[in-house]
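Remarks on the overall topology
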Amino acid sequence: MLHHCFRFAFFLLLGLLAPVAAALAAPTLRYTLAMPAPQTHYFEVDAQLGGFTKAYTDVKLPVWAPGSYLVREFAKNVEGFEARAGAAKLTVEKINKNTWRVFHPKAKDFTVHYRVYAYELSVRTSFLDASHGYVNGSSVFMYPAENKDLASTLTVQPAPGWTQVSTSLLPAGGGAPFTFRSSSYDELADSPIEIGTHRVLQFEANGTPHTVAMYGQTQYDEGRLLTDMKRVCEEAHRVVGQNPLDRYVFIVHNIERGTGGLEHLYSTTLSVSRNAYATEAGYKGFLGLLAHEYFHLWNVKRIRPVALGPFDYDRENYTHMLWVSEGFTEYFSNLIVQRAGYATPQVYLGDLSNSITRVENTPGNKVQPVSESSFDAWIKYYRRSENSNNSEISYYDKGELVGAMLDLMIIQETKAQKSLDDVMRYLYARYYQQLKRGFTDAEFQDAVAKVAGRRFDEFFRTRVYDVQTLDYQTALGYAGLKLVTTPVSQDAALGADFSTTGGKVTVRGVQRDGSAWQGGLNVNDEVLALDGGRISEDPNKLLAGRAPGTPVKLLVVREGRVQEVTFPLLPSAAQRYRIEQAANPTPEQQVVLAKWLPVKS
């Protein structure tokens, strides 16, 4: 009996110790980020890996940054990769473009060290100079290939004299300065870091602390800025009605020429022209960018197509749904600005009219479905050429218009009881909260049908997965509105764009089916003469006012040879679109309009 008691106690002790032993044996990962000579643009990275029991470990650097759908080959900026176990240098073999294999057969613990050249100041890349550092995690931090879900700590060592580190990563605790923790590589990669002497502002929205890291010399009204940012954030929250945040960080780069924004799980980076705050138009543009990137914390980061997470950092992650992820975000960002009282319904409709004009005057709108634009973003959207306008359409611009039309259709079908807001709420509850995954193309259409009470399969088939023109008149008519179309000009149009540099007139682009397209004018042709006369300015100015059918004769240099190109001028195909109030809207139309564009009291 005593023997059995000892056996029971022994196995009980083993059971109690097993979790402890497992915890002690679990791999660990600690990063150190240094920048001892920031003027050289190099980050120094150390990654301490502990408890790795195999004979070798592969470490990887992503090839792209989530939210920016282009393979950027970040490994091209890596130098001096080496690995050590204590003082002993380990053998390293680079096995493909972004993977380093570290051989450590007798060491469970080792450190890899490398440098990253960072001198591209955009929201998608990393940057370091004498004034500040900015880290977009996927372009700087490597990860063990088989342990992407491993938690880690990061210690940032700012350059001498720098006192601020702003990031949405949570402090690691223990009192160590500028030391943070992440639950996985996905979180680390999705938490950009601003380092320097930037100004730090604070406000609270929806019960959540928000931090604003303002880099760059600029003038703004701090009180107004924080009040308006809070107002936009709270209006954005009302769309989905759920707050997934316990903190949020805006990193704002105020530079000569802003380049946009990029969303992250608990933060965003905004690249803003430093003079944007000086004019009402510029300031409204800032609020629109703010609304767009902030709304992404729901749409994309939590409400997402199934392909966009968990990420494969080695290759493209394809989806047909960027027109929802980006286009709907653009649509809602403009609505949020209007709902927050920074634009009247009339101003909003004017902006929407401009969007219709831009899309419908892009020849590629008749060539590329918006679903294909989404899928091919990896090879087209960020790699534009002189023919892009002829063959492509932006999933941002077209997606915004699809969102507007769907919204009006849902409001009409539900007698103004539901809207596209309710679709976003359903997707959030169903796929993010309940199923904890993204949605498929079919599931998105199902969600719209569930909210609207009817299916729109024909709309999706012809307007999203094909190139039929959106039925603006019908959708706007639900709200007592109409779309008025007028020609931009009654004159003929050459249908080509030119650069005029140093007195040389060079063809920069030719519009599909226009005069120059039909007549054989080529991109990169240097135009010497028009109708026998030497020119040094844009031919479009010289041809202004000519009637359709008028012949034009151009003397051009092509591949070093002079030749003549002659063709007739065709009518201008450009149209201007304007949304107007229809005469005598019915009470039902007024209800739809009030639901769609409520007037801020």
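Notes on the structure follow.

Reading guide: rules and limits
Positions within a chain are numbered from 1, following the residues in the order the chain's sequence is written. Given that the model is predicted, a residue must reach a pLDDT of at least 70 before its local features are reported, and side-chain atom pairs must reach 80 or more before they are shown or counted; all residues, however, enter totals for whole chains, interfaces and linings. With hydrogens and water stripped out, all remaining heavy atoms of the structure feed into the side-chain values. The definition of a nonpolar core used throughout is a set of buried Ala, Val, Leu, Ile, Met, Phe, Trp, Tyr and Cys residues joined through side-chain atoms within 4.5 Å. Three exposure classes are used, based on accessible area relative to the maximum for each residue type with a 1.4 Å probe and protein chains only: buried under 20%, partly exposed in between, and exposed over 50%. Each helix corresponds to a stretch of at least 4 residues labelled H or I by DSSP, and each strand to a stretch of at least 2 residues labelled E; elements are numbered beginning at the N terminus. In what follows, residue pairs with any heavy atoms lying within 4.5 Å of each other are defined as contacts. Any two strands with at least two DSSP bridges between them are considered paired. In the cavity and pocket records, a cavity denotes points on a 1 Å grid over the protein atoms alone where a 1.4 Å probe fits but cannot get out, a pocket denotes an open set with protein on both sides within 12 Å along at least 5 of 7 lines, and lining residues are residues with an atom within 4 Å of a point. Grid points are joined across faces, edges and corners, and a volume is the space filled by probe spheres set on the points. Under the grouping applied here, Gly and all other residues not named as nonpolar or charged are polar, the nonpolar ones being Ala, Val, Leu, Ile, Met, Phe, Trp, Tyr, Cys and Pro and the charged ones Asp, Glu, Lys and Arg.

By size, the foremost hydrophobic cluster in this structure holds 147 residues, and its most contacted members are Phe141, Phe250, Trp323, Phe444 and Trp596. With 11 residues, the single largest contributor to this core is helix H9 (residues 395-413). Other than its neighbours up to four places away in sequence, Trp323 contacts Phe328, Val370, Ser371, Ser374, Tyr395, Gly399, Val402, Phe444, Phe460 and Val464. Counting 19 residues, the second-largest nonpolar core is a separate cluster that includes Val505, Ile535, Leu543 and Val556.

Before going further, it helps to spend a moment on the sheet that holds strand S5 (residues 88-89). Here we have eight strands laid out as an open sheet, ordered S5-S4-S8-S2-S1-S12-S15-S14, and mixed in their pairing. Two strands lie at the open edges of the sheet, namely S5 and strand S14 (170-171), each paired on one side alone. Summarising the sheet, strand S2 (residues 42-50) and strand S8 (residues 110-117) pair through eight bridges and their orientation is antiparallel. Considered in S8, the bridge of Val45 is made with Tyr114.

A volume near 820 Å³ is recorded for the second largest pocket. Forming the boundary of the second largest pocket are 38 residues, of which Gly285, Gly288, Leu289, His292 and Glu330 lie nearest the centre. For the lining of the second largest pocket, the secondary structure elements donating two or more residues are strand S20 (260-263), strand S21 (267-273), helix H4 (280-295), helix H5 (322-339), helix H6 (345-360) and H9. Among the elements that take part in the lining of the second largest pocket, H4 stands out by supplying eight residues, more than any other. Looking at the lining of the second largest pocket residue by residue, the class counts come to 12 nonpolar, 16 polar and 10 charged.

Here we take up unusual backbone geometry. Omega for the bond connecting Gly309 with Pro310 falls within 30 degrees of zero, at -10 degrees, which places this linkage in the cis form. Tracing the chain through its elements places Pro310 in the loop between H4 and H5. Not every positive phi belongs to a glycine, and Val300 is a case in point at roughly 110 degrees. Non-glycine residue Glu559 carries a positive phi angle of around 55 degrees. Along the chain, Glu559 falls in the loop between strand S28 (551-558) and strand S29 (561-568). For Glu559, a relative accessible area of 79% gives the class exposed.

Attention now goes to the pairing of S21. In terms of burial, S21 is largely enclosed, as six of its seven residues are buried. Sheet analysis places strand S19 (residues 248-255) next to S21, joined by seven bridges and oriented parallel. From the neighbouring strand, Ile255 faces S21, where its bridge partner is Ser273. The pairing of S20 with S21 spans four bridges and is classified as antiparallel. Counted as the bridge partner of Glu263 is Thr268 from S21.

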